[in-house]
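Read off the chains here:
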Amino acid sequence: MSEEKEEKVKTNFFHKLWNSITKIEKYPDMAAEGMGRAFIYISKIIAILAVILCLGLVFQTYEILQEGIAYLQNEFPDFSYKEGKLEVFTENRITISEENSYIGRTIIDTKTEDTQIINQYINEVTKAGSGVIVLKDKVLLKSKGIAGTINYQYQDILEKIKIQEFTKQTVIEMANSSKMISLYVSLFLTLFIYSFVMYVLTTLTNAIFLSIFGYLATWVARIKMRFLAVFNMSIYALTLSIILNMIYIAINLFIDFQMEYFQVMYISVAAIYLVAAIFLLKTEFVKQQMELMKIAEAQEIVKREIQEREEKEKQEQEKKERQEKDKKEEEQQKKNEGGEAPADAC
């Protein structure tokens, strides 16, 4: 039972997390556990990343709604929602610049359904860094922490909280009611699923490219490794990069902070870890080879000594046998000489 507990501690998630950052010599042992365990490990890290990201976005949504309520009451024109369609009673689109908006550039146009115009809106928001596009049947969200654009259909979201229609006044009343908790939970789950899937795919893609680089490094190091083993090591090598990305995203959620070439640093850190692990493995391999050579040399010396001892014992045995033979011959000769004397006397 104690051995099972000890083995469980060795494969504990936080133990692996610590080893992935501080003990690269453990990479081969962790990689040997298989791709399944490596995928479970990286999925847990990504899940933590997704939770932090989604909590930040939900908090941002809360702040946005508080500002939005004040804006609706004082400046925004009347609007209504019915049967999955939103209508803002204005002839032209409404644009709120990123300087005057908590969520970045905001574009509101419930009149157009032209795909080309919508794509222009997306490009405009993308250039601004982040923002929201409010259309007739959906809202598009662009965030710095998420690749691509998130699409929310009004009907999908509002049906979950049993809202079929509303006006400007009912929105203001609803924003101050307990129904918003269900909306926040729904938003969190939607964001979590989307971000988790996106980050898993992105991380696995990075791991594949990183493992190709690592496999080339094994050729340089002249060490034979299977590609799957290098791939597993690449997953563990991405640990610190993912944590740094987590911190970077968390900062960006609340502070407009941009780090140039962050993606290059993201891959570089992981590559350094992987190459270091490969060359450390090479060093350990060479050390083992040297130890094996020393053992072989010691065995050869022992073998030589045994052979010399056996040869010496054989020589001593032969010498002893010769001495015993000579002694017997001498005794026999004396007997023969003793037997011949009386005959001469006669």
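Further up the page is the structure itself.
Parameters at a glance
- Residues numbered from 1 in each chain as written.
- Predicted model: local features only at pLDDT ≥ 70, side-chain atom pairs only at ≥ 80, totals over all residues.
- Heavy atoms only, no water.
- Axes fitted to C-alpha atoms, helices over the stretch in contact; angles between N-to-C directions.
- Helix = DSSP H or I, 4+ residues; strand = E, 2+ residues; numbered from the N terminus.
- Parallel < 35°, antiparallel > 145°, perpendicular 65-115°, else oblique.
- Contact = heavy atoms within 4.5 Å.
- Nonpolar A, V, L, I, M, F, W, Y, C, P; charged D, E, K, R; others polar.
- Buried < 20%, exposed > 50% of the residue type's maximum accessible area, 1.4 Å probe, protein only.
- Salt bridge = Lys/Arg side-chain N within 4 Å of Asp/Glu carboxyl O.

### Quick look at the packing of helix α2 (residues 13-22) against helix α10 (residues 239-254)
Moving on, step 1. Interhelical geometry of α2 versus α10 gives an angle of 100° and a closest axis separation of 8 Å. Relative to α10, the element α2 is oriented roughly perpendicular. In this structure, α2 contributes Leu17, Ser20 and Ile21 to the contact, and α10 contributes Thr239, Leu240 and Ile243.
Moving on, step 2. Grouping the constituent residues of the contact of α2 with α10 by class yields four nonpolar, two polar and no charged.

### Details of the environment of Leu281
Moving on, step 1. With respect to the helices and strands, the residue Leu281 is situated in helix α11 (residues 262-345).
Moving on, step 2. By relative accessible area, Leu281 is classed as partly exposed at 22%.
Moving on, step 3. Sequence separation between Leu281 and Lys26 is 255 residues; the distance between their C-alpha atoms is 9.6 Å.
Moving on, step 4. Ignoring any residue separated from it by four or fewer positions in sequence, one finds Leu281 in contact with Pro28, Ile223 and Met225.

### Let's talk about the pattern of salt bridges
Opposite charge on two side chains lets them pair, provided their charged atoms get close.
Moving on, step 1. Applying the stated rule across the entire model yields five salt bridges.
Moving on, step 2. We note a salt bridge from Glu33 to Lys16, for which the minimum N-O separation is 2.7 Å. Note that Glu33 is positioned in the loop between α3 (27-31) and α4 (35-74) and Lys16 in helix α2, a separation of 17 residues in sequence.
Moving on, step 3. Exposure remark for Lys16: the relative accessible area of 4% places this residue in the buried category.
Moving on, step 4. Of the charged contacts, one joins Lys136 and Glu113 as a salt bridge, the two residues approaching to 3.3 Å between their closest N and O atoms.

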